[in-house]
Amino acid sequence: MKTSASVTRIFDALDRHHPGADTELAYSNAFELLVATMLSAQSTDARVNLVTPALFKRFPDARAMAAADGAELERLILSTGFFRQKSKSLIGMSSLLLERHGGEVPASMAALTALPGVGRKTANVVLGHALGVPGLPVDRHVLRVANRIGLVHSDDPVKVEVALCAMLPPARWTRASDTLILHGRRVCRPAPLCPRCNVRKDCDFYRTGATTKPMKKGGSNRLRQGSGESRRSALRAKAEDPPLRRPASQKKTPLTKKAKKRGRR
Ligand code: SF4
């Protein structure tokens, strides 16, 4: 359990580490951010940002998207993955926005999560970034980093959201999530870059013995496994980021004696 002084110290340090932390999705209003966040499921922000300019030009608001042809919408969002389900959710979400909210994005968690394809994480992103309502989105980066530091001890996103919100004033919630996400992407990756991290003195993962080899220029560090929790954390990290395997079609098969002879001729 962290003291309130150490919680403040940790989030102040993360703020300094990532001074421009914000969502990396491109948007100009709440509807666009809602759509972009829905598309980012099982995809990346960079990938979503490639498709949204054409998408928002063709379907700029809920009325246009509710009347979209499913096949055309699927083509526009194809590269974000799960495009059939996402297309259905976008049309359903836009239709309900029109029906219940006059096409406007509501500024409430209950109203947002009643829309098709919108969960707590998406709702919190939109509330916190586009509607001025404090929200703390919890994604896999927030889960990993907050657990490693020892701020929380849970894999349940809702429990983690509630616990983090209880530690911080509402005005810090959205930025706390943004800094944890950026920290998880850039520093506290599945194989963490602890020597580059400015919260390591307050980090349980670091202090309990999981250390990293000296940094190689431009290279990633492998975990040196200690005992107890550090070993378990290292194994968890490895499970999240398994080594790349050569596809079966590219695997080398040992040469037979006959084949070796043929090769020499
Ligand atoms: S010290 Fe290491 S494990 Fe802890 S938050 Fe920093 S990068 Fe992550």
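Residues numbered from 1 in each chain as written. Predicted model: local features only at pLDDT ≥ 70, side-chain atom pairs only at ≥ 80, totals over all residues.

Draft legend 1. The site of the ligand, seen in detail. Taken together, 14 residues lie around the ligand, and C188, C194, C197, R200 and C203 are the ones closest in. When residues of the shell around the ligand are traced back to their parent elements, those giving at least two are α9 (140–149) and α12 (204–207). Per-element accounting of the shell around the ligand gives the leading share, three residues, to α9. Its residues placed into classes, the shell around the ligand shows 12 nonpolar, no polar and two charged. (Near = placed C-beta within 6 Å. Helix = DSSP H or I, 4+ residues; strand = E, 2+ residues; numbered from the N terminus. Nonpolar A, V, L, I, M, F, W, Y, C, P; charged D, E, K, R; others polar.)

Draft legend 2. Highlighting the environment of V48. Relative to the helices and strands, V48 is located in helix α3 (residues 45–58). Sequence-wise, V48 and A36 are 12 residues apart; in three dimensions their C-alpha atoms are separated by 6.6 Å. Once you skip the residues sitting within four places of it in the chain, V48 turns out to touch L25, A36, L39, S40, S43 and T80. (Contact = placed C-beta atoms within 7 Å.)

Draft legend 3. Inspection of the packing of helix α2 (residues 30–39) against helix α6 (residues 83–101) at higher detail. Here α2 crosses α6 at 155°, and the two axes come no closer than 10 Å. Comparing the axis directions of α2 and α6 gives the class roughly antiparallel. Regarding α2 and α6, the two cross each other, and that crossing is right-handed. From α2, V35, M38 and L39 reach across to α6, where they touch K86, S89 and L90. Split by residue class, the contact of α2 with α6 holds four nonpolar, one polar and one charged. (Axes fitted to C-alpha atoms, helices over the stretch in contact; angles between N-to-C directions. Parallel < 35°, antiparallel > 145°, perpendicular 65-115°, else oblique. Left-handed = near helix turned anticlockwise from the far one by under 90°.)

Draft legend 4. Just the packing of α9 against helix α10 (residues 157–167), in detail. For the pair α9 and α10, interaxial distance at closest approach is 11 Å and the crossing angle is 60°. By the angle between their axes, α9 is oblique relative to α10. With respect to the hand of their crossing, α9 and α10 are arranged in left-handed fashion. Mapping the contact onto sequence places V142, L143 and A146 in α9 and P157, V160 and L164 in α10. A class-by-class count of the residues in the contact of α9 with α10 yields six nonpolar, no polar and no charged.

Function cannot be read off these values alone, since they describe shape.
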